[in-house]
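Observations on the model geometry
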Amino acid sequence: MRRTEGETTLGMLARASALALSDAGLEKDAIDGLLVGPQVGETPQHVPATVSEYLGLQPNMSNVVDLGGASGPGMIWRAAAAIDAGMCETVLCVIGNHRNPESPRSPNRNPIREFDVPFGASGANISYALLKQAHMARYGSTDEDFALIAHWARANAQRNPNAIFHGQPASVEDVLASPLIASPLRLFEIVMPVAGAEAVIVTSVARARSLGGRAVHLLGAGEKITHRAVSQAPDLTSGPLKPSMARAFAQSGLTVRDMSLLSLYDCYTIMVATTLEDSGICPPGGFGAFMRAHDFGPEGDWPLNTHGGQLGYGQPDLAGGMTHVTEAVRQLRGAAQGRQIRDPRFALVTGNGATMSEAVALVLGADA
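Below or above, wherever it landed, is the structure these notes cover. (Residues numbered from 1 in each chain as written. Predicted model: local features only at pLDDT ≥ 70, side-chain atom pairs only at ≥ 80, totals over all residues. Heavy atoms only, no water.)

A few words on the nonpolar core. Side chains of nonpolar character tend, in soluble globular proteins, to be buried together. Counting 50 residues, the largest nonpolar core has Tyr128, Met259, Leu262, Leu276, Ile281, Phe287 and Met291 as its most contacted members. Breaking this core down by element, the ones donating at least two residues are α5 (124-139), α6 (143-157), α7 (172-177), α9 (241-252), α10 (269-279), α11 (287-293), β9 (346-353) and β10 (358-366). No other element matches the 7 residues that α6 contributes to this core. In this structure Leu276 touches Leu262, Leu264, Ile281, Cys282, Phe287, Phe290 and Met291, once residues within four positions along its chain are discounted. (Core = buried A, V, L, I, M, F, W, Y, C linked by side-chain atoms within 4.5 Å. Buried < 20%, exposed > 50% of the residue type's maximum accessible area, 1.4 Å probe, protein only. Helix = DSSP H or I, 4+ residues; strand = E, 2+ residues; numbered from the N terminus. Contact = heavy atoms within 4.5 Å.)

Set out below in structure tokens:
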């Protein structure tokens, strides 16, 4: 949904939570842990308490996860850690936001407003354009290379009726013909903001087994923050996902070559490009050749963002990162109707916040 007039964020979170409980076969009273995103719609403070009250929960553990687009994946490993620590057994991870006209905004006094914005670094488009420009300058990557990423996102969105661009495929030529927004970024390389909410339930292995069905397991996780403003980034062509993915793979005992699905955060095409290279699946500067050599659809040799990614599905505010988690779970459970990959075993999920600043990587595995 592009707009949600008359909706509240709390109402959307409640509906997403109810759907997640139904999908898990759980009653509300089973939830004893809660993780939410920051500044949920109507409540800039006391967010876990407000969401708990609205949903009728009394959790033993609750917190706000504030990692921008990495917040959703970041909730998953935190929930698992809380369960492992004995703080709780079943955690509701829920995030989303409405898109009502003239929605209230809290004052932003981040230093970026003083030291970056006056010099033109205003908004995500400008910052990610700088990252793409740096990659093109260092490695000679082309607009056609990046357009392939957007093309595949739109192609996969045609298999997902819930995608904002369902029914609107885009060829490489279409991407290149779309308006230039912030040089060298074109319109179809930029995520479409939408409204929505996503919810995932994380529980103990014992409870998951008792519920039946096919569980999905967290096998590894990694997280890293390197900066906030792009002017302070230690590198413009490699980001904190590189060590995050390395840690997640090390914990799982797997490599990127073992993955059945790549569910990669894709707010902009440059984000996918750097993530592919940082994962080790292709060398630095080599994502273009990799894109031309493979099929990234559900039946392809490297399924990538089979729900359409955010470039094809849409970005429901901070819940955009959680869409990559829910798609990976559906695929590993064999429940991605109309777009199911073959032999789903392992998935890499990534999340990204700010300007390639906050990173979370997860390795998920299907139930044996």
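Now that the structure is up, let's keep going.
What follows deals with the environment of Gln310. Position of Gln310 relative to the elements: it lies in helix α12 (residues 309-313). Beyond its immediate stretch of four places on either side in the chain, Gln310 contacts Val191, Met192, Tyr265, Asp266, Cys267, Gln315, Gly320, Gly321, Thr323 and His324.

Going from Ser183 to Pro184, the amide bond is cis rather than trans, its omega being 10°. Structurally, Pro184 is set in the loop between β4 (180-182) and β5 (185-186). In this model, Asp317 sits at a positive phi of 55°, which is unusual for a non-glycine residue. Structurally, the position occupied by Asp317 is in the loop between α12 and α13 (320-332). Overall, the relative accessible area of 36% leaves Asp317 in the partly exposed class. The residue Asp343 is not glycine, and still its phi comes out positive at about 45°. Along the chain, Asp343 turns up in the loop between α13 and β9.

Taking 1.5 Å of rise per residue, 12 residues should cover 16 Å, and α9 covers 16 Å from first to last C-alpha, within 8% of that figure. For α9, every residue scored as buried is listed here: Leu241, Ser244, Met245, Ala248, Phe249 and Ser252. The buried residues of α9 occupy an angular sector of 130° when projected down its axis, which confines them to one face. In α9, the exposed positions that point more than 90 degrees away from the buried face belong to Arg247, Ala250 and Gln251. Packing partners of the buried residues in α9 comprise β7 (216-225), α10, β9 and β10. Backbone geometry just after α9 places Gly253 at a positive phi near 75°. (Expected span 1.5 Å × (residues − 1). Arc of directions from axis to C-beta.)

Turning next to helix α3 (residues 71-84). A rise of 1.5 Å per residue sets the reference length of α3, with its 14 residues, at 20 Å; its end C-alpha atoms lie 20 Å apart and thus fit the reference within 8%. Within the sequence span of α3, burial applies to Ser71, Gly72, Pro73, Gly74, Met75, Ile76, Ala79, Ala82 and Ile83. Positioned one or two residues after α3, Gly86 has a phi angle of 85°, which is positive.

For the structure shown, the criterion picks out 1 cavity of 30 Å³ or more. The calculated volume of the largest cavity comes to roughly 50 Å³. Every residue lining the largest cavity is listed: Ile149, Trp152, Ala153, Asn156, Asp266, Val272, Leu304 and Asn305. The dominant element in the lining of the largest cavity, judged by the number of residues it contributes, is α6, at 4 residues. A class-by-class count of the residues in the lining of the largest cavity yields 5 nonpolar, 2 polar and 1 charged. (1 Å grid on protein atoms, 1.4 Å probe; cavity = no way out; pocket = protein on both sides within 12 Å on 5 of 7 lines; lining within 4 Å. Points joined across faces, edges and corners; volume = space filled by probe spheres on them. Nonpolar A, V, L, I, M, F, W, Y, C, P; charged D, E, K, R; others polar.)

The next point concerns the state of the cysteines. Scanning the model with the defined rule gives 0 disulfides in all. Cysteine Cys88 is unpaired, with the sulfur of Cys93 as its nearest cysteine sulfur at 9.3 Å. In this model Cys282 remains outside any disulfide bridge; the closest cysteine sulfur is found in Cys267, 17 Å from its own. (Disulfide = S-S within 2.5 Å.)

What follows is about the packing of α5 against α10. Their axes nearest at 9 Å, the elements α5 and α10 cross at an angle of 50°. Classified by the angle their axes make, α5 and α10 are oblique. Of the two possible hands of crossing, α5 and α10 adopt the one that is left-handed. Contacts from Tyr128, Leu131, Lys132, His135 and Tyr139 in α5 reach Ile270, Met271, Thr274 and Glu277 in α10. Among the residues forming the contact of α5 with α10, the class breakdown is 5 nonpolar, 2 polar and 2 charged. (Axes fitted to C-alpha atoms, helices over the stretch in contact; angles between N-to-C directions. Parallel < 35°, antiparallel > 145°, perpendicular 65-115°, else oblique. Left-handed = near helix turned anticlockwise from the far one by under 90°.)

Here we take up the sheet that holds strand β1 (residues 33-36). In space, the 4 strands of this open sheet follow the order β2-β1-β3-β6, with mixed pairing throughout. Lying at the two open borders of the sheet, with one neighbouring strand each, are β2 (61-64) and β6 (196-203). Averaged over all pairs of adjacent strands, the angle between their axes in this sheet comes to 10°, without regard to strand direction. Strand contacts of α13: β3 (90-97) and β6, with the helix running at about 50° to β6, the strand carrying the most contacts. (Pairing = 2+ DSSP bridges.)

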